Amino acid sequence: MPELPEVETVARGLRRAILGRRIVSVTLGKTDFIDDPAALEEHLPGRQIAAVERFGKFMLLRLSAAAGLNRVPTNGDAAPAALLVHLGMTGQIAPMPSAQPREKHTHVCLLLDDGRELRYTDVRRFGRIAYLTEAPLAEELKEFGADPLEASDDEFASRIRGRRARIKALLLDQSVLRGVGNIYADESLWRAKIHPARLGAQLSKQQAKTLRRVLQEILQKAIVMRGSSISDFLDAEGEPGEYQRHHRAYGREGKACYRCKSSVRRAIVAGRSSYFCPKCQPGPRGFAVLPLRGETKKRVKRRNARRPSARL
Ligand SMILES: [Zn+2]
């Protein structure tokens, strides 16, 4: 799923490509991922894309008041609004020549005033698109926590250390921090040498400080490398990202830890596959690690029984 660096990459691409363009018309395919499809058709034509912002894992296309319509703006079209876009698992949004054939899973086409179409394509349709005026948008966004790139040491520490939830769950919780998902949670915990199952309340001040620093460094580097392409992430120019080459934990089960050469392991934490080094990131007592391929049950039991507990 696209996380903060991938969404930032797409937002930057769209900013370069479509800022200032006016939407002429709207064509919809399947609409089960759109909050109110009729609102898009009614309110988008005539509006100008005034800004493209990232908010957590969302993109916000800020729309100026409608103009150039054959009708007098009604239903609040004289006021600014926004198109909220969440890419879900497989969503892609990019401008294309309108003559280019539409792909099978293209479900939203916004014809722009320069003749191109801004197309949203989503095979699995786990994404979300919503047209929102200012008040409902503000209501929607107030549920979210701090942007990890903007959080101060104190804010980060208070959001993490005051909580008796597992650190992995806290990093994924969008009401704690907005924009982090499975990849960048595992990468930052590996870098900070913190086991994903440790409780937020059990982290020292120094550990919280380190985690914030490495999380910011990782996110910034991933943005520079235009995100991670694991399966099908493409940016607004249709290009894959490159940060997956720098992953140190995520997806590396059974491979040697870059620091200590132990095998990277996988466990389910917060309902998600979590990758970590059992030596660099000591975990809670009895914390079950999933067997490596071909490993016997007896061996797994012995290994789990040996797990260090002193640093819980
Ligand atoms: Zn290690």
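Cut-off values and rules
Residues numbered from 1 in each chain as written. Predicted model: local features only at pLDDT ≥ 70, side-chain atom pairs only at ≥ 80, totals over all residues. Heavy atoms only, no water. Buried < 20%, exposed > 50% of the residue type's maximum accessible area, 1.4 Å probe, protein only. Helix = DSSP H or I, 4+ residues; strand = E, 2+ residues; numbered from the N terminus. Arc of directions from axis to C-beta. Contact = heavy atoms within 4.5 Å. Donors = N, O, S within 2.8 Å, 3.2 Å for Na, K, Ca; no water. Tetrahedral: all angles 85-135°; square planar, octahedral: opposite > 155°, others 65-115°. Salt bridge = Lys/Arg side-chain N within 4 Å of Asp/Glu carboxyl O. Domains from an automatic or database assignment. Buried area = accessible area lost by both parts, 1.4 Å probe.

## Regarding helix 4 (residues 153–161)
All of the buried residues in helix 4 are Phe-156, Ala-157 and Ile-160. Buried positions in helix 4, seen along its axis, are confined to an arc of 95 degrees and lie on one side of it. Across helix 4 from its buried face, at more than 90 degrees, point the exposed residues Asp-154 and Ser-158. Of the surrounding elements, those touching the buried residues of helix 4 are helix 5 (167–172) and helix 7 (205–224).

## Structural notes on the coordination of the zinc ion
Distances from the zinc ion to its protein donors, Cys-257 (SG), Cys-260 (SG), Cys-277 (SG) and Cys-280 (SG), fall at 2.2 to 2.4 Å. Considering all 4 donor atoms around the zinc ion, the spread of angles at the metal, 97 to 114 degrees, places the coordination shape in the tetrahedral class. In primary-sequence terms, the residues that donate to the zinc ion follow C-x2-C-x16-C-x2-C. Remark: Cys-280 occurs in the loop between strand 10 (272–276) and helix 8 (297–305) and Cys-260 occurs in the loop between helix 7 and strand 9 (265–269); sequence separation between them is 20 residues. A relative accessible area of 23% means that Cys-260 is categorised as partly exposed. Given a relative accessible area of 13%, Cys-280 falls into the buried group.

## Points about the pattern of salt bridges
Counted by the stated rule, this structure contains 22 salt bridges. Measuring nitrogen to oxygen at the nearest pair gives 3.1 Å for the salt bridge that ties Arg-62 to Glu-53. For Arg-62, a relative accessible area of 29% gives the class partly exposed. The salt bridge involving Arg-266 is made with Glu-253; its shortest N-O contact spans 3.2 Å. In this pair, Arg-266 sits in strand 9 while Glu-253 sits in the loop between helix 7 and strand 9, placing the two residues 13 residues apart along the sequence. Here Glu-253 falls in the partly exposed class, since its relative accessible area comes to 28%. A single salt-bridge network, built from bridges that share partners, covers Glu-8, Arg-12, Arg-54 and Asp-147.

## Digging into the domain arrangement of the chain
Taken as a whole, the chain is organised into domain 1 (4–141) and domain 2 (153–232 + 239–305). In this structure, domain 1 and domain 2 have C-alpha centres spaced 34 Å apart. Listed per partner, the contact involves 12 residues of domain 1 and 13 residues of domain 2. When the two sides are added together, the surface that domain 1 and domain 2 hide from each other amounts to roughly 1000 Å², 62% of it contributed by carbon and sulfur. Connecting domain 1 to domain 2 are 0 salt bridges.

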